[in-house]
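# Inside the fold
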Amino acid sequence: YRFTRGMIAFRRAHPVLSEERFYTDTDIGWFNPELRVPNWADRGAKQLGCLIHEGEGGALYLMFNASAEGAALRVPAAPSGMQWRLAVDTGREAPQDLFVSGEELVCDVTQHYAMAPRSSAILLWRKH
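## Looking at the confidence of the model for the protein
The predicted model of the protein has a mean per-residue pLDDT of 91, with 99% of residues at 70 or higher. Per-residue pLDDT, averaged within each element of the protein, yields its smallest value for helix α1 (residues 2-13) (86) and its largest for strand β4 (residues 71-73) (97).

Right, dumping it as structure tokens:
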């Protein structure tokens with residue numbers, strides 16, 4: 001119940017997730033775990049990243065690990081003056097799985113983001 005309510009609040013705080021239009025190539029980018037273009041024909045691919053640009057310089061990075069094994073995904077560099085913050089990670093135990101807006105966990109993702117098996121995570125840009 002807590003997680004569901006939190007995700008509803010998160011979606012409301014990020015209207016780009018509820019838009020009733022198709023994203024354009026400037027709105028969204030898809031990545032494999034090494035930040036390259038995914039091979040959409042690879043049926044064995046189990047990890048995927050998605051960068052969604054919000055208005056006014058904001059962005060969300062959604063990561064998905066469908067594997068039964070843990071995985072490490074690279075994360076795009078945040079723009080100057082911004083840093084990645086963890087908003088959601090379904091592979092973590094409560095209460096570290098979902099953070100209230102403004103209280104997101106600062107992430108050092110200069111190397112990779114470690115994901116649990118069969119999990120998803122959302123990072124967002126915030127000013128330092």
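## Some words on the side chain of Asp 97
Examined against the element boundaries, Asp 97 turns out to sit in the loop between β5 (82-89) and β6 (105-106). The class of Asp 97 is buried, set by a relative accessible area of 9%. Aside from chain neighbours lying at most four places away, what touches Asp 97 is Arg 2, Phe 3, Ala 87, Val 88, Asp 89 and Arg 92.

## Quick word on the sheet that holds strand β3 (residues 59-65)
Spatially, β1-β2-β3-β8-β5-β6 is the arrangement adopted by the six strands of the open sheet, whose pairing is antiparallel. The open sheet has two edge strands with one neighbour each: β1 (28-31) and β6. Looking at chain direction, β3 and strand β8 (residues 119-127) are connected through six bridges and run antiparallel. Residue pairing across strands places Phe 64 opposite Ser 120, the latter belonging to β8.

## Details of the environment of Gly 44
Summarising the element assignment, Gly 44 is placed in the loop between β1 and β2 (47-53). The exposure class assigned to Gly 44 is partly exposed, which follows from its relative accessible area of 47%. Separated by 24 residues in the primary sequence, Gly 44 and Glu 20 place their C-alpha atoms 31 Å from one another.

## As for the packing of aromatic side chains
The final tally for this structure, using the stated rule, is four aromatic pairs. Between Trp 30 and Trp 40, the ring centres sit 5.8 Å apart and the planes meet at 80°, which makes this aromatic pair edge-to-face. On the criterion of sequence distance, the pair formed by Trp 30 in strand β1 and Trp 40 in the loop between β1 and β2 is long-range, its members being ten residues apart. Residue Trp 30 is classed as partly exposed on the basis of its relative accessible area, which comes to 38%. Their ring planes at 55° and their centres at 6.2 Å tell us that Phe 31 and Tyr 61 sit as a pair that is tilted. In this pair, Phe 31 is assigned in strand β1 and Tyr 61 in strand β3, connecting sequence segments 30 residues apart. The same class applies to Phe 31 as to Tyr 61, namely buried.

## Considerations on the pattern of salt bridges
For the structure on display, the rule yields three salt bridges. Glu 19 serves as the salt-bridge partner of Arg 21, at 2.8 Å between the closest nitrogen and oxygen. Across the pair Asp 27 and Arg 21 runs a salt bridge, and its minimum N-O distance is 2.9 Å. A cluster of three or more residues bridged by salt bridges with shared partners is formed by Glu 19, Arg 21 and Asp 27.

Conventions adopted
Residues numbered from 1 in each chain as written. Predicted model: local features only at pLDDT ≥ 70, side-chain atom pairs only at ≥ 80, totals over all residues. Heavy atoms only, no water. pLDDT = per-residue confidence, 0-100. Helix = DSSP H or I, 4+ residues; strand = E, 2+ residues; numbered from the N terminus. Buried < 20%, exposed > 50% of the residue type's maximum accessible area, 1.4 Å probe, protein only. Contact = heavy atoms within 4.5 Å. Pairing = 2+ DSSP bridges. Phe/Tyr/Trp six-rings, centres within 6.5 Å; stacked < 30°, edge-to-face > 60°. Salt bridge = Lys/Arg side-chain N within 4 Å of Asp/Glu carboxyl O.

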